[in-house]
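# Report on the structure
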Number of protein chains: 2
Amino acid sequence: MQRTLALQTLEKIGQEVTLQGWVDTIRDHGKLVFIELRDRSGKVQIVGDKKLGKLSSEDVIEVIGKVSQRPEQMINPDMPTGTIEVQASNSSLLNECKELPFPINTDGSQLDEELKLKYRYLDLRRERLQKTIRLRSKLIEEFRKTLFSEDFVEIETPMLTKSTKEGARDFVVPSRFNPGKFYALPQSPQQYKQLLMTAGFERYFQIARCIRDEDLRADRGFEFTQLDLEMSFTKREDVMEMVEKATKTAVLAVGGKLKDQQFPVFTYQQAMDKFGADKFDLRTEEEKSSGVLAFAWVIDFPFFKKVNREDVAEVRDGKSGWTFTHNPFSIPKDEFVQDHLDGKNVENILTTQYDLVCNGYEAGGGSIRAHDPKILAKTFEIMGYSEYEIEKSVGHMLEAFKLGTPPHGGIALGLDRLVMLLAKQTSIKEGIAFPMTSTGRTAVMDAPSPITEEQMKELGIQIRSMKQTTAKSVFEQICSYLDSEKVEYKKFEHKPVFTSEEAATIRGTSLESGAKALVCLADRKPVMIVISAANKLDIKAFKQIYGFKDVAMADIDTLFKVTGLQPGAVPPFGSLFEIPTYMDEGLSRLETINFNAGSNTQSIQIKSKDYIEVEKPDVSNFVK
Amino acid sequence: MQRTLALQTLEKIGQEVTLQGWVDTIRDHGKLVFIELRDRSGKVQIVGDKKLGKLSSEDVIEVIGKVSQRPEQMINPDMPTGTIEVQASNSSLLNECKELPFPINTDGSQLDEELKLKYRYLDLRRERLQKTIRLRSKLIEEFRKTLFSEDFVEIETPMLTKSTKEGARDFVVPSRFNPGKFYALPQSPQQYKQLLMTAGFERYFQIARCIRDEDLRADRGFEFTQLDLEMSFTKREDVMEMVEKATKTAVLAVGGKLKDQQFPVFTYQQAMDKFGADKFDLRTEEEKSSGVLAFAWVIDFPFFKKVNREDVAEVRDGKSGWTFTHNPFSIPKDEFVQDHLDGKNVENILTTQYDLVCNGYEAGGGSIRAHDPKILAKTFEIMGYSEYEIEKSVGHMLEAFKLGTPPHGGIALGLDRLVMLLAKQTSIKEGIAFPMTSTGRTAVMDAPSPITEEQMKELGIQIRSMKQTTAKSVFEQICSYLDSEKVEYKKFEHKPVFTSEEAATIRGTSLESGAKALVCLADRKPVMIVISAANKLDIKAFKQIYGFKDVAMADIDTLFKVTGLQPGAVPPFGSLFEIPTYMDEGLSRLETINFNAGSNTQSIQIKSKDYIEVEKPDVSNFVK
């Protein structure tokens, strides 16, 4: 039977239809049950008998029924299908919905971010997010339409590419074929798109995924998407005109409102004089509340600036004390090219850079590029690069520019922010299907996470030793976890100890109360076994209880690979290392337990019942 | 002045035009010079005086001239603009082209791959590659058009995601925020697209970049692009119909020819009986030469198969001896669901999988998914996963399936291969703008490459110690490099030596001829200084000669970070570690030199002139 969408019922009055979707709301009046069924087109009211009453919110159902006009007094003018309802003759449950972790019939903006992103697929059911994600799809397609009509080609550039020295930090990817060497994920397709101009494509674009290891902010993740384009045989005004046209068309097509039909142009100097900044908001208060987008161009930026000694990247790039303001691949404005080549009046050189601003944000930026290798090399020379360093950094670009590269220029527009502005949201994350948490964790899935020793071996890498990164953080992790769980505990700092006896003495506690954390391989998987320092593990008993075929103590190397710690420093928290924890019952009967926590100079004392509550070990009897 | 494209000149006879493009060919007849100018639209003949004669092939030029009809006998019927020519009145050189590393007016398929990919931007100028890359852009856009018209939403899923245990090896990305932990790059958006169905988007697609660390073959890199789609409330036949429609429309739109207007459907059993394989070529010999595409569907595959004990991934997934044939997220065909839930007759269970084959290749594959958490969990149980392992692997999916996930299914079509077939090429790389080399190196740019110690520290990783990966390979690298350079050398294997004196004794050579490779930090950058073992470095002289402010011996840690080697094992090849090499002139005057090569048990003897020729050190006097 052919499916009818909720909104299509309007055209099927008097007919029998099959609907499929989610129970949006349910009102059980005993004999009569009213359901609002939701699908991708919207909602429609279902009326049925008490069989429907067994359903719950967000169940996935199929309903067969007849579409009929609602009685006059039942019409809901706020609902597109408010004039009709479907009299259910049959219904079936396609998939059940258990209790939701949070309600989704609200705005949801107050929810804790980690929780919301863990269940992002629920959050995405909200009307607000459905609209925003669909708007994004349409906006991008509208940009595409304009560009295809202007003879552009869409070309994908590599994700595994070279580590560049400019801009933000790279994410790197270890190579199995070249152990100890790394690819970089692209911060932007800048160099590849210029090489596509060398290749003669003349008009390129890409909806480009860019990845930067930047310090996270509440509204920014590591990944972003930009409309990246490049044109050959072009001047600054040509690119600006093309981008303005594509932007206006796309914005209007998704129902956006523009303040100016022609984007005003300010020089950098004018912008600074007038607004005190090169990003500014041209909207009136009234326009702000009506959701207008106020675009403007800023041009004639200085090419170079004095290095800010507090910015690591600037210090690195600006060895001479000068660094670029926007993009080292740009060409200066015509009248400054000679000064540039002479390295004279550096502070006065203006670049061909153009920035597109919108509602106080930077919406994009681009420039005409230096296609003459002498000019590009000189840019790096002005920044203090030696010949050797220039060759290392951009030698491949200089070579390409000697082999028939046309004059060219382009732009990159940030699509995430544009979607945010069009959807009248305040966080970029609202327009991304699966954004990261503010701590860099992925939505829904549990990443980043450890990889296996085998993988690391193939890649020629290993985790840095305890001394370098882990020791402090294990201790801190435990303390802050116990703090967050509101568990009382006592910290000891002491001289290094190497045996349980020494530890007991220095802590002034009994040997028995020392919780010894043994990392073992049980059927080759690491597990943590926690017993009293006064006892010995009964491996046979342990194997029998848990049905393992083979249990052995991990050697020092394995211990280190699993925990990043040295023997004697491992705390009894397998969960910290993502391995299961087993605890001997004898230890659980003590009032308090003591253990080394990440180093042999730091110990923690905690009530054993609190320990069991926070770590939830599997408790049984397996000591001699 | 407005630019006219080569092809547009046909409509401008008698008019003055401005052309911009590349010198495709040049014929210098002294007084008259003929140039074929090439731009993105094609080529046009320019006629001018000897000023044009100074130009060379692939120079980028601008020409102003008048379009005129060619005399009858000069008409070139093989050229779209063969009836006209442009009489140049003015021309200018926009960018010069030096000598090309290889000719580009040929097919180029015989060229060495590394060379071709180093200059990929030149290779891309060939007509064949221009057409293929443009075809790819159009093909993908045609798929999009159909899908948008069918109410699909295009949604981007994350590039930094979770390491999965299924399928090929993951590429991993170390996390700076969580040192020692890793993201994985997506092998496919499988789980995210299913979660988008949970989220209620109902019809999703994405032109998805997928990255797998698979063993490379001549025609395969690590990255590939797939048309990834998923639909809710759908049956197998609905997805097949949708995909068939979109494929046919796109293929025809780019000029492809189809063997069958309706794709034939074979069961797996029929395919095996008839073709002995589930990928087969339905074309006749005649159809093969005429470039026809013969698509077909294969359905009714077994869900499980016996584990192939030689396949590491299968052994890992199939703990019980059974593993999945295609996709563990699939649902069995209706009539096998009960057997599946009971874990009975596992060998007979058929899955809803459908594969699309074309000309003997797999063009894509998909299935209806298990939206019932019990079925998905059971699939992993049949493969021998414990409850704990199921929870670890797919717990987040099982949870989503309990929160209102509709029945759904989808497919992934490999676009690279489809482009290859449509462009009548035999390698997938021909349809990718910047493919990798067969050794996993990036086109044009020099990656993978080392990263800095600082970066590794932030990421909580380090290069594995010499013993684990590097020792052998340094020695092997040197030998195979010397072999490839046809340089004669002598190898020694000996007991471990710890001083230059011991080394000289055990080799039976003079102390003087020992080449000591010192790694130093010169103005904080690592450099290699090679002197005779009988001499001492004169740091002051070295600083003076090369203008360094500060030169100091690297400590053991730095030495290891730069070379991966221990003191005494470092060979005098800075190039191996991508640092510059300086050699003392005294050493260069000896007939032969000896050095330890990667370990203290292996030495090499080589003529010093050969060493200088292959390593090209900077030679000067800086010893005491």
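Structural notes, computed from the coordinates.

Rules of the game
- Residues numbered from 1 in each chain as written.
- Chains lettered and ligands numbered in written order.
- Predicted model: local features only at pLDDT ≥ 70, side-chain atom pairs only at ≥ 80, totals over all residues.
- Heavy atoms only, no water.
- Helix = DSSP H or I, 4+ residues; strand = E, 2+ residues; numbered from the N terminus.
- Rg over C-alpha atoms; globule rule 2.2 N^0.38 Å.
- Contact = heavy atoms within 4.5 Å.
- Least-squares fit on C-alpha atoms with pLDDT ≥ 70 in both.
- Buried < 20%, exposed > 50% of the residue type's maximum accessible area, 1.4 Å probe, protein only.
- Arc of directions from axis to C-beta.
- Core = buried A, V, L, I, M, F, W, Y, C linked by side-chain atoms within 4.5 Å.
- Buried area = accessible area lost by both parts, 1.4 Å probe.
- Salt bridge = Lys/Arg side-chain N within 4 Å of Asp/Glu carboxyl O.
- Polar contact = N/O pair within 3.5 Å; in protein donor to acceptor, adjacent residues only side chain to side chain.
- Nonpolar A, V, L, I, M, F, W, Y, C, P; charged D, E, K, R; others polar.
- Pairing = 2+ DSSP bridges.
- Axes fitted to C-alpha atoms, helices over the stretch in contact; angles between N-to-C directions.

When helices and strands are tallied, chain A shows 19 helices and 28 strands. Computed over its C-alpha atoms, the radius of gyration of chain A comes to 32 Å, more than 25% above the 25 Å expected for a compact globule of 624 residues. Projected onto its principal axes, the C-alpha positions of chain A cover 85 × 80 × 45 Å. For chain A, long-range pairs separated by at least 24 residues make up 65% of all intrachain contacts whose partners lie at least 6 apart in sequence.

If you rotate chain A by 180° and push it 0.0 Å along the axis, it lands on chain B with an RMSD of 0.2 Å. Here the symmetry operator amounts to a two-fold rotation axis. Take the interface residues of chain A: 100% of them recur as interface residues in chain B, which is what a same-surface contact looks like.

Once that is clear, we can look at helix H17 (residues 556–563) of chain B. Residue and element names in this part refer to chain B. Of all the positions in H17, only Leu559, Phe560 and Thr563 are classed as buried. What you see down the axis of H17 is that its buried residues fit within an arc of 95°, all on one side. Of the residues trailing H17, glycine 564 is marked for its positive phi of about 70°.

Within the largest apolar cluster, 89 residues are counted, with the highest numbers of intra-cluster contacts made by Tyr121 and Phe434 of chain A together with Phe143, Leu196, Leu229 and Phe295 of chain B. Per element, the largest residue contribution to this core is seven residues, and it comes from helix H5 (residues 236–253) of chain B. Each residue touching tyrosine 121 of chain A, except ones within four places of it in the same chain, is listed here: Val444 of chain A together with Leu195, Thr198, Ala199, His396, Glu399, Ala400 and Leu403 of chain B. Grouped together as the second largest cluster of nonpolar side chains are 88 residues, Ile140, Trp322, Met397 and Met420 of chain A included.

Here we take up the interface of chain A and chain B. With 131 residues of chain A in contact, the opposing surface of chain B contributes 132 residues. Summed over both partners, the interface of chain A with chain B comes to about 11,300 Å²; 57% of that surface belongs to carbon and sulfur atoms. Counting every contact that joins chain A to chain B gives 22 salt bridges. Here arginine 144 of chain A and glutamate 154 of chain B are joined by a salt bridge, their closest N and O atoms 3.6 Å apart. The interface formed by chain A and chain B includes 58 residue pairs in polar contact (both at pLDDT 80 or more). Ranked by residues supplied to the side of chain A that touches chain B, first place goes to helix H3 (residues 127–149) of chain A with nine residues. Counted by class, the side of chain A that touches chain B contains 59 nonpolar, 32 polar and 40 charged residues.

Before going further, it helps to spend a moment on the sheet that holds strand S3 (residues 42–48) of chain B. Residue and element names in this part refer to chain B. Strand order in the closed barrel made by the five strands is S1-S2-S3-S5-S4, with mixed pairing throughout. Recorded for the sheet is a direction-independent mean angle of 50° between the axes of neighbouring strands. Pairing of S3 with strand S5 (residues 84–95), which is carried by two bridges, proceeds in the parallel orientation. Residue pairing in the sheet places isoleucine 46 in a bridge with valine 86 of S5.

Residues and elements named next belong to chain A. A sheet is described by the order of its strands in space; here five strands give the open sequence S24-S22-S23-S25-S28, paired in mixed fashion. The open sheet has two edge strands, strand S24 (551–553) and strand S28 (618–620), and neither has a second partner. Ignoring strand direction, the axes of neighbouring strands in this sheet form an average angle of 35°. Pairing analysis gives three bridges linking strand S25 (residues 581–584) to S28, with the strands arranged parallel. Bridge pairing in S28 links aspartate 584 to serine 620. Along the sheet, helix H16 (residues 539–546) contacts strand S23 (525–532), S24, S25 and S28; its crossing angle with S28, the most-contacted strand, is approximately 120°.

All names here are of chain A. Structurally, arginine 524 is set in the loop between strand S22 (515–522) and S23. Residue classification places arginine 524 among the exposed positions, given a relative accessible area of 76%. With 47 residues separating them along the chain, arginine 524 and glutamine 477 place their C-alpha atoms 27 Å apart.

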